[in-house]
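Below, each chain spelled out in residue letters.
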Amino acid sequence: MIRDARKEWGIALLLIAPFLAIYGLVFIYPTIDMFLLSFTDAPLIGEGDYVGTENYTRLVDDRRFGTAFWNTAYFVALSVVPGTAVALFIALAVSRLSGRFQALILAMFFLPYILPVSVIYLIWDWTMNFQFGIAMHVYDLLGIERIPVFKTTTWFIPAVAFITIWWTCGFNILLFLAGLRAIPTEIYEAASLDNAGRWRTFSRVTWPLLWPITALNLTIQLILQLKIFDQVYLFSQGGRPNDNLVMVYYIFQRAFQSNQGGRAAAVAVVLFGIVIIVSVLNFQIMRLAGRKQ
Amino acid sequence: MNAQSARRFNVIGAVLSVLTVLAAVLWAFPIYWGIVSSLKPEDEVVRPYIELWPDNLTFSHYVHAITQTQIGRWYLNSVITAVGTTVITVFTSLLCGYALSQLRFPGRRPLYWLILASFMVPTQTLIINHFVLVANMGLLNSWAGIILPQLIHPVIIIIYKQFFDQMPRDFREAAAMDNASELAILFKVFVPMNWGVTTALAIVTFIWSWNAFLWPFLAATRTEWMTITVGITQVNDAFGVYYARELAAAVLAGLPVALAYLLFQRRVTQAITLSAGIKG
């Protein structure tokens, strides 16, 4: 077949033009703008003067930035590995079932993931309500003293991490289930002929074969949780936002509540850098691991 | 394996199944509790003991939400912005994915790498500049302003490219022999043959967009421009807290996406596994 190269180029341009226009406008331009803004003292809307790297050097002694950074790290620690582990347990349990029964049970575990964060917030704010929440009945039953969970600094991040795992782990369950289905049944038949018990089958067959999916889940979780904002913001309403700051929340606070666009942009650049570095490292580690196998 | 140990294994299996069901019930319970609480009169909601079903079932909180709040307006905003985001995102990604997969043009490789690289960029860090951009365009408090920054889902392009890459070459060549134009090949051959993946991608894009919080929250500074996910948490009753009313609003906000999932369970699953880079 003879290709008319020029005609093909023209059509290709026509097809990619709408995407390129949107991409340039809401992706490339704002990214460049973010870097430029971070070197100025501009308010949220309006011009500012060039201040060099001042916005960055100020972050070193910025107590709120420290809070935001460490809270984010703490949240990541409490959500990524535990969330992936919970998802793996549930996926293993669900994968034993079959047919419509399996679909029903899976739907019950998956449903939270599909709901908007505000619904998750309202449900859990109600469940954990200090006076009337059903979780407090459980506290009473266990003889634990009732606490207004989202108003305390100690319990805020762990509680939000717990709710986040409940909310988002449906996604990871689906990935694990896809991974479990991809393991050939012959391998399990061979294992059962060898009289391998449940634990041996899991540790010698399922776990190693599932490792790529586990790594994928950890990666996705890690990058997702670094960018946490919605839950923290919602549960902080009427609480102690300054103690509960996370990175994106701090960007929001500086830009939209203190009207300091330049200083907020510097925080945004730092988070941008962290996420890119983590992504690249992850990609390299996965590639090396892939080569070794 | 002898008969005795087989029986023991079955017992373990049955116990595991029962535990799984119990865990699932416990897992979904907060959702059930939210729904049931929204169907109780306020005085029943705050009783100091647990009632799994209302004594006096009432829909008054739903009536209140629909007639006495701006929820109708928020629903409209959510429907329009979610459908708008879905149509524009899926359509532009389809065109771009086709060009990347089937056409040879200068800059094809760099474009592909650019799209892959953009997976890493956290859009949450762009909120300041999105806000400035949209404000300068005069689009704060508008449907277009809520939609615009939500149109970046590079993963959809990559999924389309993968699906189009798998199409047999004969289709394109046969169509080209018949002098069919490139657009005709795309819309008469490639799109119909990949209808399933388009449906799946459209459903999840709709769900993502309906559930979006951060950007719609920033883009709407006036209550009448809020989407439902923002409105139900940002506008409170002027007279104290009404738990059942709040929960009724939450049920209304979650209903469309919950239904979309329950009706299209298989498609949602497919799109989600595809979006993580796993072949469904």
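Residues numbered from 1 in each chain as written. Chains lettered and ligands numbered in written order. Predicted model: local features only at pLDDT ≥ 70, side-chain atom pairs only at ≥ 80, totals over all residues.

Digging into the overall build of chain B
Along its length, chain B carries 15 helices and 0 strands. On C-alpha atoms alone, chain B measures out to a radius of gyration of 24 Å, which is more than a quarter above the 19 Å that the 2.2 N^0.38 rule sets for 280 residues. In terms of principal-axis extent, the alpha carbons of chain B reach across some 75 × 75 × 35 Å. Evaluated residue by residue, chain B yields a buried proportion of 42% over its 280 residues. For chain B, restricting intrachain contacts to residue pairs at least 6 apart in sequence, the fraction spanning at least 24 positions comes to 75%. (Helix = DSSP H or I, 4+ residues; strand = E, 2+ residues; numbered from the N terminus. Rg over C-alpha atoms; globule rule 2.2 N^0.38 Å. Buried ≥ 20, exposed ≤ 12 C-beta atoms within 10 Å, placed from the backbone. Contact = placed C-beta atoms within 7 Å.)

Focus on the overall build of chain A
Of regular secondary structure, chain A possesses 12 helices and 0 strands. Mapped from its N terminus to its C terminus, chain A presents α and β elements in the order α-α-α-α-α-α-α-α-α-α-α-α. Over its C-alpha atoms chain A spans a radius of gyration of 24 Å, topping by over 25% the 19 Å that the globule rule assigns to 293 residues. Expressed along its principal axes, the backbone C-alpha trace of chain A runs to roughly 80 × 75 × 35 Å. Within chain A, buried positions represent 42% of all 293 residues. In chain A, 69% of the contacts between residues at least 6 apart in sequence involve partners at least 24 apart.

Regarding the nonpolar core
Of all hydrophobic cores here, the largest spans 160 residues; its most connected members are I173, V246, Y249, I251, V267 and A268 of chain A together with I128 of chain B. With 16 residues, helix α7 (residues 153-181) of chain A is the single largest residue contributor to this core. Of the residues that make up this core, three or more belong to each of domain 1 (3-60) and domain 2 (61-275) of chain B. Excluding residues that lie within four positions of it along the chain, I173 of chain A makes contacts with A87, I90, A91, F109 and F110 of chain A. (Core = buried A, V, L, I, M, F, W, Y, C linked by C-beta atoms within 7 Å. Domains from an automatic or database assignment.)

Focus on the domain arrangement of chain B
In many reports, interface size means the accessible area that the parts give up when they come together. Residues and elements named next belong to chain B. Domain parsing of chain B yields domain 1 (3-60) and domain 2 (61-275). The C-alpha centroid of domain 2 is placed 34 Å from the C-alpha centroid of domain 1. Each side of the interface is counted separately: domain 1 has 9 residues, and domain 2 has 11 residues. For the side of domain 1 that touches domain 2, the leading source of residues is helix α1 (residues 3-37), giving 3 residues. Split by residue class, the side of domain 1 that touches domain 2 holds 3 nonpolar, 4 polar and 2 charged. (Nonpolar A, V, L, I, M, F, W, Y, C, P; charged D, E, K, R; others polar.)

With respect to the interface of chain B and chain A
At the junction of the two partners, chain B supplies 74 residues and chain A supplies 71 residues. Per-element accounting of the side of chain B that touches chain A gives the leading share, 12 residues, to α1 of chain B.

Concerning the environment of A196 of chain A
Mapped onto the secondary structure, A196 of chain A falls in the loop between α8 (185-193) and α9 (198-226). Taking C-alpha positions, A196 of chain A is 63 Å from R6 of chain A, a pair spaced 190 residues apart along the chain.

Side note on helix α1 (residues 5-37) of chain A
Between the first and last C-alpha of α1 of chain A there are merely 42 Å, a value that for 33 residues lags more than 12% behind the 48 Å anticipated at 1.5 Å per step. Of all the bends found along α1 of chain A, the most pronounced is centred on G24 of chain A and spans about 45 degrees. (Expected span 1.5 Å × (residues − 1). Bend = angle between axes of the 7 residues up to and from the residue.)

Here's the deal with the packing of helix α11 (residues 195-211) of chain B against helix α14 (residues 243-263) of chain B
All names here are of chain B. Closest axis-to-axis distance for the α11/α14 pair is 10 Å, and the angle between their directions is 160 degrees. Comparing the axis directions of α11 and α14 gives the class roughly antiparallel. As for how α11 packs across α14, the hand of that crossing is left-handed. Where α11 approaches α14, its residues I203, F206, I207, W210 and N211 are matched on the opposing element by P256, V257 and A260. (Axes fitted to C-alpha atoms, helices over the stretch in contact; angles between N-to-C directions. Parallel < 35°, antiparallel > 145°, perpendicular 65-115°, else oblique. Left-handed = near helix turned anticlockwise from the far one by under 90°.)

Brief notes about unusual backbone geometry
One non-glycine residue with positive phi stands out, namely N259 of chain A, at about 55 degrees. Along the chain, the position of N259 of chain A falls in the loop between α11 (247-257) and α12 (261-292). Residue classification places N259 of chain A among the partly exposed residues on the basis of 14 C-beta atoms within 10 Å. In this model, N141 of chain B sits at a positive phi of 55 degrees, which is unusual for a non-glycine residue.

Some points on the environment of R108 of chain B
Residue and element names in this part refer to chain B. Take R108: it is sitting in helix α5 (residues 108-117). You can call R108 partly exposed: it has 16 C-beta atoms within 10 Å. R108 sits 68 residues away from K40 along the chain, and the two C-alpha atoms are 59 Å apart.

Overview of the packing of helix α3 (residues 63-95) of chain A against α7 of chain A
All names here are of chain A. Where α3 meets α7, the closest approach of the two axes is 6 Å, and the angle between their N-to-C directions is 40 degrees. On the basis of the axis angle, α3 is oblique to α7. Both α3 and α7 take part in a crossing whose hand is right-handed. Along the lines of polarity and charge, the residues of the contact of α3 with α7 split into 19 nonpolar, 8 polar and no charged.

Here's the deal with the environment of T58 of chain B
All names here are of chain B. With respect to the element layout, T58 can be found in the loop between α2 (42-45) and α3 (60-68). On the neighbour-count criterion, T58 (17 C-beta atoms within 10 Å) is partly exposed. Remark: the alpha-carbon pair of T58 and A117, spanning 59 residues in sequence, is separated by 52 Å. Apart from the residues within four sequence positions on either side, T58 is in contact with L39, K40 and P41.

Looking at the confidence of the model for chain B
Residue and element names in this part refer to chain B. Confidence in the prediction for chain B averages 89 pLDDT; 95% of positions are at 70 or higher. Between the elements of chain B, mean pLDDT differs from a low of 76, seen in helix α9 (residues 169-177), to a high of 97, seen in helix α7 (residues 143-147). Taken together, the chains of this predicted complex give a pTM of 0.92 and an interface ipTM of 0.92. (pLDDT = per-residue confidence, 0-100.)

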